[in-house]
Amino acid sequence: MPHILIIDDNPDDRLLVHRELEREFSSSLQVTEIGDESQLEQALAINNFDLVITDYQLCWNNGLHVLLSIKSHYPSCPVIMFTSTGNEEIAVEAMKSGLDDYIIKSQKHYLRLALAARSSLARAKAEHQVSRLENRLQSLLNKLNVGVFRCTIEGRVLEGNNAFLRLLNLETVSETQMLDLRQLFWQQENLIEQQLQQSKEIALHQKNGKVKWIKLSQTLITTEDEPFIEGLIEDVTEQKEAETALQKLNEQLEVRVQERTADLEDVIEQLKMFVDSVSHDLRAPLRSIQGFAEALLEDYISSLDPKAQNYLQRLASAADLTNTLIDNLLDYSKLSRIELQLEPIDINVILSQVLAQMEEELQQKQAEVDVINSLPTALGHYTTCIQIFTNLVSNAIKFVPPNVQPKVIIRAETNQNNFILWIEDNGIGIKPEYHDKIFGVFERLHGVESYPGTGIGLAMVRKGVERMNGRCGVDSELGKGSKFWIQLQSV
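Calculation criteria
Residues numbered from 1 in each chain as written. Predicted model: local features only at pLDDT ≥ 70, side-chain atom pairs only at ≥ 80, totals over all residues. Heavy atoms only, no water. Pairing = 2+ DSSP bridges. Helix = DSSP H or I, 4+ residues; strand = E, 2+ residues; numbered from the N terminus. Axes fitted to C-alpha atoms, helices over the stretch in contact; angles between N-to-C directions. Buried < 20%, exposed > 50% of the residue type's maximum accessible area, 1.4 Å probe, protein only. Contact = heavy atoms within 4.5 Å. Phe/Tyr/Trp six-rings, centres within 6.5 Å; stacked < 30°, edge-to-face > 60°. Lys NZ or Arg CZ within 6 Å of the ring centre and 35° of its normal. Left-handed = near helix turned anticlockwise from the far one by under 90°. Nonpolar A, V, L, I, M, F, W, Y, C, P; charged D, E, K, R; others polar. pLDDT = per-residue confidence, 0-100. Core = buried A, V, L, I, M, F, W, Y, C linked by side-chain atoms within 4.5 Å. Parallel < 35°, antiparallel > 145°, perpendicular 65-115°, else oblique. Salt bridge = Lys/Arg side-chain N within 4 Å of Asp/Glu carboxyl O.

**A closer look at the sheet that holds strand E4 (residues 79–83)**
No. 1: With parallel pairing, 5 strands are arranged side by side in an open sheet as E2-E1-E3-E4-E5. Every other strand in the sheet has two partners, leaving strand E2 (30–34) and strand E5 (101–104) as the edge strands with one partner each. Here the strands of the sheet are splayed against their neighbours by 20° on average, with no regard to which way each runs.
No. 2: With 3 bridges connecting them, strand E3 (residues 51–54) and E4 associate as parallel partners. Its bridge partner being in E4, valine 52 is matched across the sheet by valine 79.

**Some words on the pairing of strand E15 (residues 471–476)**
No. 1: Across 6 bridges, the pairing between E15 and strand E16 (residues 482–489) is antiparallel. Along E16, the bridge assignment pairs serine 476 with serine 482.
No. 2: Here E15 folds back onto E16 in antiparallel fashion, the turn holding 5 residues, of which glycine 479 has a positive phi close to 85°.

**Some words on the side chain of aspartate 8**
No. 1: Secondary-structure assignment places aspartate 8 in the loop between strand E1 (3–7) and helix H1 (11–25).
No. 2: What makes aspartate 8 buried here is its relative accessible area of 4%.
No. 3: Contacts of aspartate 8, omitting those with residues within four sequence positions, involve Asp13, Arg14, Ile34, Gly35, Asp55, Leu58 and Lys105.

**Structural notes on the packing of aromatic side chains**
No. 1: Taken as a whole and judged by the stated rule, the model has 2 aromatic pairs.
No. 2: Ring geometry for phenylalanine 49 against tyrosine 74: centres 5.7 Å apart, planes inclined by 85°, an arrangement best described as edge-to-face. Separated by 25 residues along the polypeptide, phenylalanine 49 in the loop between helix H2 (37–46) and E3 and tyrosine 74 in the loop between helix H3 (63–73) and E4 bring together distant segments of the chain. Take phenylalanine 49 and tyrosine 74: they sit in the same class, and that class is buried.
No. 3: Here phenylalanine 439 and phenylalanine 484 contribute two aromatic rings whose centre-to-centre distance is 6.2 Å and whose plane-to-plane angle is 75°, an arrangement assigned as edge-to-face. On the criterion of sequence distance, the pair formed by phenylalanine 439 in the loop between strand E14 (418–425) and helix H13 (457–467) and phenylalanine 484 in strand E16 is long-range, its members being 45 residues apart. For the pair shown, phenylalanine 439 and phenylalanine 484 are each scored as buried.
No. 4: Lying across the ring of phenylalanine 25, arginine 118 places its NZ or CZ 4.6 Å from the centre.

**Quick notes on the sheet that holds strand E11 (residues 368–371)**
Working definition: the strands of a sheet are paired by backbone hydrogen bonds and lie parallel or antiparallel to each other.
No. 1: Strands sit in the order E11-E13-E14-E16-E15 across an open sheet of 5 strands; the sheet is mixed. Of all the strands in the sheet, just E11 and E15 have a single pairing partner and so form its edges. Neighbour-to-neighbour, the strand axes of the sheet open up by a mean angle of 20°, direction not taken into account.
No. 2: Direction of pairing for strand E13 (residues 407–415) relative to E14: antiparallel, over a ladder of 8 bridges. Counted as the bridge partner of asparagine 415 is asparagine 418 from E14.

**Here's the deal with the packing of helix H12 (residues 382–398) against H13**
No. 1: Relative orientation of the contacting elements H12 and H13 amounts to 145°, with a least axis distance of 9 Å. For H12 against H13, the interelement crossing comes out left-handed. In this structure, H12 uses Thr384, Gln387, Ile388, Asn391, Leu392 and Asn395 to contact H13, whose residues at the interface are Gly457, Leu458, Met460, Val461, Gly464 and Val465.
No. 2: For the contact of H12 with H13, the class distribution of residues is 6 nonpolar, 6 polar and no charged.

**As for the confidence of the model for the protein**
No. 1: When the pLDDT values of the protein are averaged, the result is 77; 76% of them are 70 or greater.
No. 2: pLDDT under 50 marks residues 199–226. Its contacts with residues more than four places away, or in other chains, come to 41 contacts.

**Re unusual backbone geometry**
No. 1: Phi angles above zero are rare outside glycine, and asparagine 373 is one such case at about 60°.
No. 2: By the element assignment, asparagine 373 lies in the loop between E11 and strand E12 (377–380).
No. 3: Positioned with a positive phi, asparagine 469 is a non-glycine residue whose angle comes to about 65°.
No. 4: Structurally, asparagine 469 is set in the loop between H13 and E15.

**So, the nonpolar core**
The tendency in soluble globular proteins is for nonpolar side chains to be buried side by side.
No. 1: Within the largest apolar cluster, 37 residues are counted, with the highest numbers of intra-cluster contacts made by Phe389, Leu392, Ile410, Leu421, Phe484 and Ile486.
No. 2: Sorting the residues of this core by element identifies helix H10 (347–357), H12, E13, E14, H13, E15 and E16 as the ones contributing at least two each.
No. 3: Sort the elements by how many residues they give to this core and H12 lands first, with 8 residues.
No. 4: Judged by nonpolar contacts, the second largest core, of 26 residues, contains Ile7, Val52, Leu58 and Cys59.

**Here we look at the packing of H1 against helix H5 (residues 110–143)**
When two helices pack together, you describe them by how their axes are tilted relative to each other and by the distance separating the axes.
No. 1: With their axes 9 Å apart at the nearest point, H1 and H5 run at an angle of 60° to one another. By the angle between their axes, H1 is oblique relative to H5. Where H1 crosses over H5, the two elements pack in a sense that is right-handed. Contacts between H1 and H5 involve Asp13, Leu16, Val17, Glu20, Leu21, Glu24 and Phe25 from the first element and Tyr110, Leu111, Leu113, Ala114, Leu115, Ala117, Arg118 and Leu121 from the second.
No. 2: Tallied by class, the residues present in the contact of H1 with H5 amount to 11 nonpolar, no polar and 4 charged.

**Details of the pattern of salt bridges**
No. 1: The full count for this structure, using the stated rule, is 13 salt bridges.
No. 2: Aspartate 12 is the partner of arginine 314 in a salt bridge, and the nearest nitrogen-oxygen pair spans 2.6 Å. Of this pair, arginine 314 sits in helix H9 (residues 306–337) while aspartate 12 is found in helix H1, placing the two residues 302 residues apart along the sequence.
No. 3: Arginine 314 gets classed as partly exposed once you look at its relative accessible area, which sits at 26%.
No. 4: Note on aspartate 12: relative accessible area 24%, which makes it partly exposed.
No. 5: We note a salt bridge from arginine 411 to glutamate 424, for which the minimum N-O separation is 2.6 Å. Linking arginine 411 in strand E13 with glutamate 424 in strand E14, this pair joins segments that are 13 residues apart in sequence.
No. 6: A relative accessible area of 24% places arginine 411 in the partly exposed class.

Below, the structure written as structure tokens:
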């Protein structure tokens, strides 16, 4: 029974992948879903899995890092990347690092994912069989004292087995550089030929009417070695069959690489047109999905079994999140394109409006927000400042440990023509290596199960601050809260 790890911080995507794998493998399958970094570390420590399917964009890292981590611990474990956020460069780099397959995440490709999983498992099994046979072959060759080596045309030995080294009375392959191998092996061949003539050894082995030859070394082969010789011949045949199967799988992989390249080019072209068409073309069908999902929940929920109810509730939640995501993407696109007219902005007025808009949310979380002294006037854009401070205060009261009352302190430091505004919280904190990453689009450090959101808020903060000729950043340690800062030109 194969054991597959599904690594994705989106629980709905994990469920859909799990469902498709069950359809392909029936009941002969064990699946472990990985939604965060700690679960992955536990799985890597146990090492009882046969295949890994990972997304690329993960809230704690990316699929390439996961690939390198898995390959460093378990080089022979196959890994498939199933994602919608990668690109052709990432796919190429991942393939160079040992990735077995790269598939674009979409509904039409779930079937391909299941087939790729079966193919990768079969290829891994064949490679394991080849490795096992090679090890057994080497063991038999060493037992029979048959020296095997590989060298260049000039006679430089690249590698050799233990028997090869013993026959030359050497300890390491590097010592052969001191020898004239062509002259040495010519002498060895004459010596072996003389010994064979003297001992009248037979270098033929007959079984089932077929004559097979065996290359002899200086060690005489007795009748006691016959089972080993027969095993060697059978193993060589089995190894050839495994290598043929592996070659066919590799040919299929080349075809899939070409298909993936075409898919990636198609996705890139669609992304270029996404911003202009998203408002009209995506909202219409999304409204239908939301409407019919709500209708089913209201009218037919009692007639559905628990599994169907779960699917339907997930559908409704996903539609709501998609609508929010579209709004955020449009806001980010607008923020990137429009011309901002900068003017003197009273940060006290901005912050008062933000806190008033968030009053219900602040009360629900019982959050405390303290403003230290009066805040300065900055050169900025009113609407953009509202977006920036809304996102920062919202994050400050959201990313806190369970059962902890959120506490936020807002203060300012003035320095000649600039000022720095600090938003401090008592939240979960951020590892130093993620301080810059969190300001990227769709960059998340936690799964939506722990802290819901779209992963665009801080990207909008950075973009908005930069459009107002400012800078922003964060000082934080894991478990010790965060201090986000914004530097703008004061008036």
